[in-house]
Each structure stands twice: as structure tokens, then as C-alpha cells.
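Here's the letter readout for the chains.
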Amino acid sequence: MTMIRWGMIGCGSVTERKSGPAYQQVAGFALHGVFNRTLAKAEYYAARHGVPHVFASAEALIHSPEIDAVYIATPPDSHEAYALAVARAGKPCCIEKPMAPDHAACVRIRDAFAAQDVPLFIAYYRRSLPRFRQIRAWLDDGEIGAVRHVHWTLTKAASPADLAGDNWRVDAAVAPGGYFDDLASHGLDLFCWLFGEVTDVAGFAVNQQGRYSAADAVTGCWLHGGGVTGSGSWNFGAADRQDRVEITGCTGRITFSIFDEEPLRLVRGDEMVERIIENPPAVQYFHVEAMRDHLAGRALHPSTGESGAHTAWVMDQILLRR
């Protein structure tokens, strides 16, 4: 296999363990260069992770003949500008989630890559994780009969950094939906993969704490194309942490967590099946491996610009960004 040399824009926390190492561990890929707005941070990252090249600008990285593909790992407000530059360069790209701050920006990104006929991936890596593929296998095998409804509750307490406004995730200029943009996008995208695209959706987003600019309490309900209904409640100023999804079928139910490595539970009457499936140390490993297989023509990747833009549309409707 030809080695694909990736350049990475952004050296934030997600790249330390979740994503960056996966580009080094997957056979046929190499993390070949990095850029960060703070050059010293990029140099420090490269030294610790054994990355051979540090670039002084994103443009230099994108257009370098040493870089074959680009991973954009910056906060969402900068995704569009970087992505359009990568599209113009004609190189495959992976963008961290959420794909962009709103659906319109996602469409512009998606269409730019489609016009160049260049692959575009979005880092909704749960579609590729074995624990969630087990859930899809249960559903495909009819283990709980016809699916009727899916509900997700996600809550967390506000951190000192949140309350101080020292976190891009609570800055409406970067992430208008606050933690909803950053966290809820994962589950909503997963539900679209499990049950098909959403055809109708509505919601409410408010700021209950009044401590930062982004919304901190969101509720939503939606309808998947196949008739499955869905609902969710996300609150980021609650007393404690909860992360529970329940899929209700006509003969049973499945419960699991989106973010925590809790057991997967399949319940039918008095019978309960429990599966513990751990994530890899680099949680994006299988997502990155799937990109390799896609680029090699062996299998289609489950998370593309098309699916990422659809997830953004669902989020826009819930946040009243219509």
C-alpha cells in the first residue's frame, strides 16, 4: 500500500490521545506534519509524538508536496476556511466534529469537495467503534423487534472554566450551541446511522445559568425516515453527570452510554444480555482505519461530508437555527 502522509491543523487535547496517535498506528498512514496557531505548541507536539515536520502556516501545510491529506482538528468556527483551502488543493480531508457551526457552512464544505471529486470525512468516529456496531448488529438481527423510539439524556455540572468563560465550548461565537454542538452532535449522528436520516425535528435551546454566552439547556424531538421517533434532553448546568440512551422496541429494549464505557444491555422480558466492549486507547483508531480502507477502494467510510452535513441540519433545527 502507498503510504498516505497526513498533515494535522491544530494540536488541541483531542489530538493527544484520541486521534493523533491513530494516524500513526494505522498501517499505510503517517502523521507527517502539524501546524498550530502557536508555533511553540506545534513544535512541542511534534517533538513528543515523533512528527517529522512542523509548518509555520496552515497554507504551507495544505500545499506542501510532503502532505497527501489533511486532518482539521481546530474549534468549529475555523473549519470552513481551512476545509475550503484543502478542497482547492485537491487533497482528501477529515474534519473534527461538529463539521462546522451551522448547516449552511457544512453544505458549502460538502459541495466544494464534491466539485473536486475528493473524499471528505467527518470525525464522527462512533459509527466505526465496535461497541456501537454491536448495537447495530442487535438491531439488524431484530433482537428487540421493530424499533419504536430512542431517547437520550445527557447532563453535566458546569466546570469552573465554563463559568469563567474560559472554554471555546461555551462561547457562542465559536460554538453557538455550546456543549450541545460539541457533545450532542456525537449521539445525534450515531442515531442517524442506526435508524436512518431524520425527516422532521424541533427543539428548544435556552441559557438557564446566564453564566456564559452559549445555550446550556437543550431539548429536542425528531422523526427518522423509517418511522422511529426520537427525543433528547441535554443540560450542562445540572447537579451531576448522566449519560443514558434507551432504544425501545416492540419486544425489548437496549440501553447504553454515548460517552462512558458502560455495559451494553439488551433486555427482553426477564432476560438480559450484557456486553462490555472497550474502546481502543486511541478512540478514533477504527475511524482512521476505515478512512484508509475507503481511500484504498476496499470499503466505504460511514461518516462523510454528506452525513456530517445532515447531522448539522438536525442540530440547527433543534437550536432554532432555521
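Look a little higher up for the structure.
In this convention, every chain numbers its residues from 1, walking through the sequence in written order. In keeping with the model being predicted, local features are shown solely for residues with a pLDDT of at least 70 and side-chain atom pairs are shown and tallied solely at 80 or more, while totals for entire chains, interfaces and linings include all residues. Values shown for side chains rest on all heavy atoms present in the structure; no hydrogens or waters enter the calculation.

What about helix α10 (residues 285-295)?
Note on classification: 1.4 Å probe, protein chains only; a residue is buried when its accessible area is under 20% of the maximum for its type, exposed when over 50%, partly exposed between these limits. Secondary structure elements are taken from DSSP: a helix is a run of H or I of four residues or more, a strand is a run of E of two residues or more, and numbering for both begins at the N terminus. All buried positions along α10 are accounted for by Y285, H287, V288, A290, M291, R292 and D293. Should any heavy atoms of two residues lie within 4.5 Å, those residues are counted as being in contact. Considering only its buried residues, α10 is in contact with β1 (4-9), α2 (20-25), β2 (29-35), β5 (93-95) and β6 (120-122). Phi turns positive one or two residues past the end of α10, at G297, with a value near 80°.

Some remarks on the sheet that holds strand β8 (residues 198-206)
One requirement defines pairing of two strands: DSSP has to find at least two bridges between them. If you walk across this open sheet you meet the eight strands as β8-β9-β10-β7-β11-β12-β13-β14, and the pairing is mixed. Each having just a single partner strand, β8 and β14 (271-275) make up the two edges of the open sheet. Looking at each pair of strands side by side, their axes are set apart by 10° on average, direction ignored. Note that strand β12 (residues 253-256) and strand β13 (residues 264-268) share three bridges and pair antiparallel. Looking across to β13, one finds that I254 is bridged to L266. On top of the sheet, helix α7 (residues 130-140) reaches β7 (147-155), β11 (242-249), β12, β13 and β14; it is set at about 20° to β13, its chief contact. Lines fitted to C-alpha atoms define the axes here, with helix axes fitted over just the stretch in contact, and angles between the N-to-C directions of these axes take values from 0 to 180 degrees. This element, helix α9 (residues 179-195), spans β7, β8, β9 (217-224), β10 (229-235), β11 and β12 of the sheet and lies at about 165° to β7.

What about the nonpolar core?
F180, W234, I247 and F256 are the most contacted members of the largest nonpolar core, which has 74 residues in total. A per-element tally of this core places α9 first, with 11 residues. Those residues within four positions of W234 in sequence are excluded, and the remaining contacts are W152, L154, F180, A184, L188, D216, A217, V218, T219, G220, W222 and I318. M8, Y23, F29 and V51 belong to the second largest nonpolar core, which has 24 residues in total. We call a set of buried Ala, Val, Leu, Ile, Met, Phe, Trp, Tyr and Cys residues a nonpolar core when their side-chain atoms join them within 4.5 Å.

Considerations on the pattern of salt bridges
Between Lys or Arg on one side and Asp or Glu on the other, a salt bridge is scored when a side-chain nitrogen of the former is within 4 Å of a carboxyl oxygen of the latter. Going through the model one piece at a time under the given rule, you end up with 20 salt bridges. Between D111 and R110 there is a salt bridge, with the nearest N and O atoms lying 3.0 Å from each other. Its relative accessible area of 38% is what places D111 among the partly exposed residues.

Quick look at the environment of R253
Take R253: it is sitting in strand β12. Since its relative accessible area comes to 36%, R253 is described here as partly exposed. Counting along the chain gives 105 residues from R253 to R148, while the straight-line C-alpha distance between them is 9.7 Å. In contact with R253, not counting residues within four places along its chain, are I144, E246, I247, T248, R265, L266 and V267.

So, the packing of aromatic side chains
Ring geometry is summarised as follows: Phe, Tyr and Trp rings, the Trp one being its six-membered ring, pair when their centres sit within 6.5 Å, and such pairs are stacked at plane angles under 30 degrees, edge-to-face over 60 and tilted between the two. Applying the stated criterion to the full structure yields 13 aromatic pairs. Relative to F259, the ring of W152 has its centre 6.2 Å away and its plane inclined at 40°; by these criteria the two rings are tilted. In this pair, W152 is assigned in strand β7 and F259 in the loop between β12 and β13, connecting sequence segments 107 residues apart. Given the relative accessible area of 22%, F259 is considered partly exposed. Three or more aromatic residues joined by ring pairs make a cluster, and in this case those are W152, F180, F191, W222, W234 and F259. Remark: a charge is flagged as sitting over a ring if the NZ atom of Lys or the CZ atom of Arg is within 6 Å of the ring centre and within 35 degrees of the ring normal. If you follow R131 out to its NZ or CZ, it ends over the ring of F132, 5.2 Å from the centre. Over the ring of Y179 we find K156; its NZ or CZ atom is 4.3 Å from the centre of that ring.

Some remarks on the state of the cysteines
Any cysteine sulfur atom paired with another within 2.5 Å is treated as part of a disulfide. Tallied over the entire structure, the rule returns zero disulfides. Not part of a disulfide, C94 finds its nearest cysteine sulfur in C93, a span of 6.9 Å.

Looking at the sheet that holds strand β3 (residues 53-54)
Pairing between sheet strands relies on hydrogen bonds along the backbone, with the strands arranged either parallel or antiparallel. With respect to topology, six strands assemble into an open sheet ordered β3-β2-β1-β4-β5-β6, the strand pairing being parallel. Each end of this open sheet is capped by a strand with a single partner; those strands are β3 and β6. As defined by bridge partners, β1 adjoins strand β4 (residues 69-72) across four bridges and the pair is classed as parallel. Counterpart to W6 in the pairing with β4 is A69. Across the face of the sheet, helix α3 (residues 39-49) comes into contact with β1, β2 and β3 while running at roughly 155° to β2.

Re the packing of α9 against helix α11 (residues 305-318)
It is at 9 Å that the axes of α9 and α11 come closest, and there the two elements cross at 120°. Here α9 is positioned oblique relative to α11, judged by the angle of their axes. Here the hand of the crossing between α9 and α11 comes out right-handed. Touching F180, D181, S185, L188, D189 and C192 of α9 are S307, H310, T311, V314, M315 and I318, all from α11. Angles are sorted into four bins: roughly parallel if under 35 degrees, roughly antiparallel if over 145, roughly perpendicular if 65 to 115, and oblique for all others. Helix crossings fall into two classes, left-handed where the near helix is turned counterclockwise from the far one by less than a right angle and right-handed where it is turned clockwise.

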